[in-house]
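Fold and contact review
Here is what each chain is made of, one letter per residue.
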Amino acid sequence: MQLLFFNVFNGLLQGVFYALMALGLALILSLSSVINMAHGGFLIVGAYLAFTLTPYLGFWGALVVGPLLAGVFGLIVEQTLVRWLYKRPDPLYSLLLTFGLALIIQDLTRTIWGAQGLPAAVPEALNQPLSTTLFFITGYRMVILAITAVVTIGLYLTLRYTLVGIRIRAGTRDLETVASLGVNIYKLRALNFAAGCFFAGLAGALASGILGLTPPMGDSLLMPTFVAVIVGGVGSLAGAVLGGLLIGVAAGITTTYYPAASEAVIYLIMLVVLVIRPRGLMGKESIFE
Amino acid sequence: MGKRVTRREVLKAGLGAGALALGTPAILTYGQGEQTIKIGDIDPLTGNYAAEGESQIRGAKMAMAEWNAKGGVLGRKLELVVEDNASNAGISAQKAHKLIDQDKVAMLIGSVSSASALSITQVAHQAGMIFMVTGGHTDPITGSQCHWSTFRICTTTYMLAAGLAGTLHKKFGGKWYFLTPDYAFGHTLQESYQSLLKKLGGTDLGASLSPLGTNDFSSYLIKAASTNPDVLINLTDGQDRINSLKQAAQFGLFKKFAIGGGLSELEVLQALPPEARTGWATLEWWWDQPHTPHVKEWVAAYQKAHPDGSYPSARTWFGYAAMHSVALGITRAKSLDAVKVARVLEGMELPPEVKLQPNRVYFRAADHQLMSSEFPGEAIPDGKYPNIFKVSQIIAGDDVALPATATGCTLDYPA
């Protein structure tokens, strides 16, 4: 019983992390209708930049600047490549483009930083459990929880109360009308894409504290991120958070009883959701129905 | 509108240039008078074992450069054709077919994952081609699923376990829980540890099987901690080992019980922050062997070829030994005929400048397993790369391998 409680709690903490990764993906998907297969690429760009900057800026400085640079990189990619595809209604084009980008970014990372993993470290104070019984609650995981909460609430407030946010929300419903009202939707989408890449970079920088910092790191995180978005509902940011938490807890519970299926269970949940409610738990009726 | 046309033109031009670049080298290759001997190398460049794969390729290329500098093999230059298998067994088989049918390679080397290696051994065997397994450890490769066409450089999972189990038992106690990667390598390595634990009279507390490529080990670690082991035998490798050790360190588990066992590598150790770089494990080669001839020179040669501040790892040596074995086999057989080369390789001893370790290193004739040494020892948390592991002893392969009669291997030479 204690084991189950531990695993549910632990699953929630893991789910928070999936949610953070899913936010950026959901943001880009909802406004730009770009299925960003290169999300994992932006993740490692943020992680590697943060690692490289840590000696100069310290852990916290790098945690801010690394993801910001990933956002700038995202902006450049959007301006040079992605925006040419907005005119094409078929999402296949952007899917192929970003898939190619994912491969290129991973290979560039390997060329620049090498295939060998880098020893990304976490400040000593965060790098230990807060209590001996609940040893899986570490300072670092609390930081991730806090950052995810701040980011989610901040994003919610931005979308709800600022002009840019209101335009983005309007744009996800009906981009043409927003454009005809005189809003520069190209700028809007560029900003949105860059913000999505910033969140990817942030999640990546945080992930490198728990995982090995290697070029394929983004690949292995991409799938749970996609599952979180699909389960939670495409186009819904709250859904992305919910989806992340749900698969985290499900994986935790499965581990208690049948560990070998803990990876498979998240896909099983996705399957069930897609069959019963294709738009996802909190998704709007559009892309998949 | 004008802009759009220009872009299209640029694209077309780019495509044309791309097609040109794709087409040219093939024509050039066949245009050269002397044909090279192609060696197909299937290694992971992406995925869980990408770092290990790159090291193996570096080693193979070093050996190839040495042979080519001396004029090649049978008067022909060697050429390495590298394919990425992403440590996926299905892709491995596809790539093996591609190398055999399209590239017309003479022999195959490579692979890190045991599952990939097993899948390539099948394809190579059907094609009647020698496959020198560089780095897949599971026992059956030179055991129950051995073939006349399969040779293996890295040690078996049993040898890995036998080189360390006694030390762990003596130092930390006999209650063991296993964290095991859920595929061929993990399964056989766990069986080996369990059989040795039984002999030592210890208690087996159970195992958690984690899929290859697991990110989050927290739930496995919670389960492991709930059994209160003396030792958590961590059998993961590559990226999985980095992830699990990093997370175990953050959970403070190193203070609760010993974590050790399995196979570690320079690639893994260098990717770990100090607090996670601890515990006992087995390596299969180490760059710092002050009393072994040729090692210092070889490390220097590696660094000259790769001026990125890195040191060669066991994987680099695997690749190096694999390529040398293949080239030596062909040279001594004076032929590319697979059966003839296989007969030459049986029992062949690696010369000192290739074996780079103190003990006798040779391909056992009965199962084609290279008898190379184990280097068990302890990671050094506060060490600086490359001084991050202390080898406690170098054990000869003969001393830890199962006798050839107990491996379940019967070689199936064509009649």
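Now for a quick tour of the structure. These numbers were taken from a predicted model, which means no experiment stands behind them.

1. Looking at the overall build of chain A
The number of helices and strands found in chain A is ten helices and zero strands. Counting from the amino terminus, helix and strand elements in chain A follow one another as α-α-α-α-α-α-α-α-α-α. Against the compact-globule benchmark of 19 Å for 289 residues, chain A has a radius of gyration of 19 Å, which places it among compact chains. Dimensions along the principal axes, computed over C-alpha positions, put chain A at roughly 60 × 50 × 35 Å. Across the 289 residues of chain A, 55% fall into the buried class. A sequence separation of at least 24 residues applies to 75% of the contacts in chain A between residues at least 6 apart. Here chain A displays about 12400 Å² of accessible surface, and carbon together with sulfur accounts for 72% of that area. The distance from the centre of the 14 positive side-chain charges to the centre of the 10 negative ones in chain A is 10 Å.

2. What to know about the interface of chain A and chain B
Across the boundary between the two partners, chain A contributes 42 residues, which contact 43 residues of chain B. Between chain A and chain B lies a buried interface of about 3400 Å² when both sides are counted; carbon and sulfur atoms form 52% of it. Taken together, the links from chain A to chain B amount to zero salt bridges. The interface formed by chain A and chain B includes 16 residue pairs in polar contact (both at pLDDT 80 or more). Only α1 (2-32), α3 (92-113), α4 (139-161), α8 (217-232) and α9 (237-257) of chain A provide two or more residues apiece to the side of chain A that touches chain B. Looking at the side of chain A that touches chain B, the element that brings in the most residues is α1(A), giving five residues.

3. Side note on the sheet that holds strand β11 (residues 375-379) of chain B
Residue and element names in this part refer to chain B. Pairing within the open sheet is antiparallel, and its three strands lie in the order β10-β11-β12. The strands lining the two open edges of the sheet, one partner per strand, are β10 (280-283) and β12 (389-391). Here the average twist between neighbouring strands, direction ignored, is 40°. Note that β10 and β11 share four bridges and pair antiparallel. Paired with W280 across the strands is E378, a residue of β11.

4. Regarding unusual backbone geometry
Residue and element names in this part refer to chain B. Cis geometry marks the peptide bond from Y385 to P386, where omega comes out at 5°. For P386, the location among the structural elements is in the loop between β11 and β12. Positive phi, normally seen in glycine, also occurs at S111, with a value near 85°. In this fold, S111 is placed in the loop between β3 (107-110) and α4 (114-127). A positive phi angle, near 65°, is found at H368, a position not held by glycine. Following the sequence through the fold, H368 ends up in the loop between α14 (352-355) and β11. Under the relative-accessibility criterion, H368 is labelled buried at 0%.

5. Some words on the layout of surface pockets
Here the idea is plain: a probe the size of a water molecule rolls over the atoms and shows the empty space left. All names here are of chain A. When its volume is computed, the second largest pocket comes out at roughly 650 Å³. Along the wall of the second largest pocket there are 28 residues; nearest its centre are L31, S32, S33, L175 and R189. No other element matches the four residues that α1 contributes to the lining of the second largest pocket. Among the residues forming the lining of the second largest pocket, the class breakdown is 13 nonpolar, eight polar and seven charged.

6. A closer look at the state of the cysteines
Residue and element names in this part refer to chain B. Applying the stated rule across the entire model yields one disulfide over all chains. Linked covalently through their sulfurs, C146 and C409 form a disulfide whose S-S length is 2.1 Å. Disulfide C146-C409: the torsion about the S-S bond is 85°, which places it as right-handed. Of this pair, C146 sits in the loop between β4 (131-133) and β5 (150-152) while C409 sits in the segment after α15 (397-400); the two residues are 263 residues apart in sequence, bridging distant segments of the chain. The pair C146 / C409 is uniform in exposure class, with both members buried. No disulfide involves C154; its sulfur sits 15 Å from that of C146, the nearest cysteine. We classify C154 as buried; its relative accessible area is 0%.

7. Re the packing of aromatic side chains
Per the counting criterion, the structure on display carries 27 aromatic pairs over all chains. Relative to A:F193, the ring of A:F42 lies with its centre 6.1 Å away and its plane at 85°, an arrangement referred to as edge-to-face. Taken as a pair, A:F42 in helix α2 (residues 39-80) and A:F193 in helix α7 (residues 185-207) lie far apart in primary sequence, 151 residues in all. Here A:F42 matches A:F193 in class, with each residue buried. One aromatic cluster is present, formed by A:F5, A:F6, A:F9, A:F135, A:F136 and B:F251 through successive ring pairs. Sitting above the plane of the A:W84 ring, A:R83 keeps its charged end 4.8 Å from the centroid.

8. A closer look at the pattern of salt bridges
For side chains of opposite charge, pairing can occur when their charged atoms come near one another. All names here are of chain B. Across all of its chains, the model carries eleven salt bridges over all chains by this definition. For R315, the salt bridge identified is with D237, shortest N-O distance 3.5 Å. Of this pair, R315 sits in helix α12 (residues 314-333) while D237 sits in the loop between β8 (231-234) and α9 (238-250), and the two are 78 residues apart along the sequence. Residue R315 is classed as buried on the basis of its relative accessible area, which comes to 1%. Each member of the salt-bridge network shares a partner with another, and the members are E83, K95, K98 and D103.

9. Describing the side chain of A:N127
The residue A:N127 is located in the loop between α3 and α4 in this model. Within the local environment of A:N127, its side chain forms a polar contact with the side chain of B:Q250, the two groups lying 3.2 Å apart. Other than its neighbours up to four places away in sequence, A:N127 contacts A:V122, B:A249, B:Q250 and B:E275.

10. Some words on the packing of α1(A) against helix α8 (residues 218-226) of chain B
Running from amino to carboxyl end, α1(A) crosses α8(B) at an angle of 155°, the nearest separation of the two axes being 10 Å. For the element pair α1(A) / α8(B), the angle class is roughly antiparallel. The handedness of the crossing between α1(A) and α8(B) is right-handed. Taking contact as the criterion, the partners of A:L3, A:F6, A:N7 and A:N10 in α1(A) are, on α8(B), B:S218, B:S219, B:I222, B:K223 and B:S226. For the contact of α1(A) with α8(B), a count of residues per class yields three nonpolar, five polar and one charged.

11. Some thoughts on the environment of B:Y311
Residue and element names in this part refer to chain B. Note that Y311 resides in the loop between α11 (295-305) and α12. Distance in space between the C-alpha atoms of Y311 and K198 is 38 Å, their sequence separation being 113 residues. For Y311, the residues in contact, after removing those within four places along its chain, are L266, W287, V299, Y302, Q303, Y385 and P386.

12. Digging into a positive patch on the surface
All names here are of chain A. The grouping of R160, R169, R173 and K284 at the surface amounts to a positive patch. With respect to the helices, strands and loops of the structure, R169 is situated in helix α5 (residues 163-173). Taking the relative accessible area as the measure of exposure, R169 reaches 35% and is therefore partly exposed.

Calculation notes
Residues numbered from 1 in each chain as written. Chains lettered and ligands numbered in written order. Predicted model: local features only at pLDDT ≥ 70, side-chain atom pairs only at ≥ 80, totals over all residues. Heavy atoms only, no water. Helix = DSSP H or I, 4+ residues; strand = E, 2+ residues; numbered from the N terminus. Rg over C-alpha atoms; globule rule 2.2 N^0.38 Å. Buried < 20%, exposed > 50% of the residue type's maximum accessible area, 1.4 Å probe, protein only. Contact = heavy atoms within 4.5 Å. Areas by Shrake-Rupley, 256 points an atom, 1.4 Å probe, with all protein chains shown as cover. Lys, Arg positive; Asp, Glu negative; His and termini not counted. Charge placed at Lys NZ, Arg CZ, Asp CG, Glu CD. Buried area = accessible area lost by both parts, 1.4 Å probe. Salt bridge = Lys/Arg side-chain N within 4 Å of Asp/Glu carboxyl O. Polar contact = N/O pair within 3.5 Å; in protein donor to acceptor, adjacent residues only side chain to side chain. Pairing = 2+ DSSP bridges. Axes fitted to C-alpha atoms, helices over the stretch in contact; angles between N-to-C directions. 1 Å grid on protein atoms, 1.4 Å probe; cavity = no way out; pocket = protein on both sides within 12 Å on 5 of 7 lines; lining within 4 Å. Points joined across faces, edges and corners; volume = space filled by probe spheres on them. Nonpolar A, V, L, I, M, F, W, Y, C, P; charged D, E, K, R; others polar. Disulfide = S-S within 2.5 Å. Phe/Tyr/Trp six-rings, centres within 6.5 Å; stacked < 30°, edge-to-face > 60°. Lys NZ or Arg CZ within 6 Å of the ring centre and 35° of its normal. Parallel < 35°, antiparallel > 145°, perpendicular 65-115°, else oblique. Left-handed = near helix turned anticlockwise from the far one by under 90°. Patch = residues over 30% accessible without salt bridge, like charges linked within 9 Å, V, L, I, M, F, W, Y side chains within 5 Å.

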